[in-house]
Amino acid sequence: MNGMDSVWNWGLSEFRDNVAADRPTPGGGAAAMVSASVGMGLVLMALRITARKDGDGSRFLPLVESGERLMIELGAHADADIAAFDSYLVALRMPKETEEEKAARRRAMDEAAKAATEIPLNAAQSCLEGLDLALQAVPAASTHIVSDVAAGAIMMHGALSAALLNVDINLKSVRDESARADYAASRARLQQKGDERHARITAAFAARMG
């Protein structure tokens, strides 16, 4: 998508209504990444407030800088998800009257299917990095605001799982067996690691709450 079409140029109610409209985009992947970006925003809020009240807020700077990068990265995945689906639709609508047209259409669809699988895998990887940051933030954040870190982690973990559902759907369109196996292995690894990170965050939050 170009900058003018970005979901981040929409108002909040406009985004919600576009998700609810009778068209396929923005769909689950884009909605998940918007949620993940907001979840990272909650973690950043907790870190910034804690840093402001801390005697030496500079010790939080590396975490804040990583969070700022991830919040932008997670948000960009929302636009990428929409662009990937649009590219697949373009390939699907290509002419198929002649053998040459059929071959060109197959190649375009193969490329689009791989992109539509890789993009949610990349999005899930960013969510995993967000969960790693949240895991560091739980013991660092002030007690009265650590719940926002836990809430942000829930949103990023949910977004990771939602993005990987797109992988499940798109794997069926990947004809390259080797690539399909690699994607499936990456999908399983990301879900396992995401579940493990979130379990650790939940346990750390419970320990903070005593």
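Refer to the structure printed above.
Residues numbered from 1 in each chain as written. Predicted model: local features only at pLDDT ≥ 70, side-chain atom pairs only at ≥ 80, totals over all residues. Heavy atoms only, no water.

K.L.:
Before we move on, can you summarise empty space enclosed by the protein with the specific residues and values?
P.N.:
Under the criterion given, the structure shown has one cavity of 30 Å³ or more. A volume near 40 Å³ is recorded for the largest cavity. Considering the residues around the largest cavity, the lining is formed by Gly29, Met33, His77, Asp81, Ile119, Pro120, Ala123, Ala163 and Asn166. Those elements that place two or more of their residues in the lining of the largest cavity are α2 (28-53), α3 (61-92), α4 (99-140) and α5 (146-171). Tallying contributions element by element places α4 first for the lining of the largest cavity, with three residues. For the lining of the largest cavity, the residue count by class is five nonpolar, three polar and one charged. (1 Å grid on protein atoms, 1.4 Å probe; cavity = no way out; pocket = protein on both sides within 12 Å on 5 of 7 lines; lining within 4 Å. Points joined across faces, edges and corners; volume = space filled by probe spheres on them. Helix = DSSP H or I, 4+ residues; strand = E, 2+ residues; numbered from the N terminus. Nonpolar A, V, L, I, M, F, W, Y, C, P; charged D, E, K, R; others polar.)

K.L.:
Quick rundown of the environment of valine 19? Include the residues and the values.
P.N.:
Tracing the chain through its elements places valine 19 in helix α1 (residues 12-20). The class for valine 19 is partly exposed, based on a relative accessible area of 32%. Between the alpha carbons of valine 19 and alanine 31 there is a distance of 7.5 Å; along the sequence they are twelve residues apart. (Buried < 20%, exposed > 50% of the residue type's maximum accessible area, 1.4 Å probe, protein only.)

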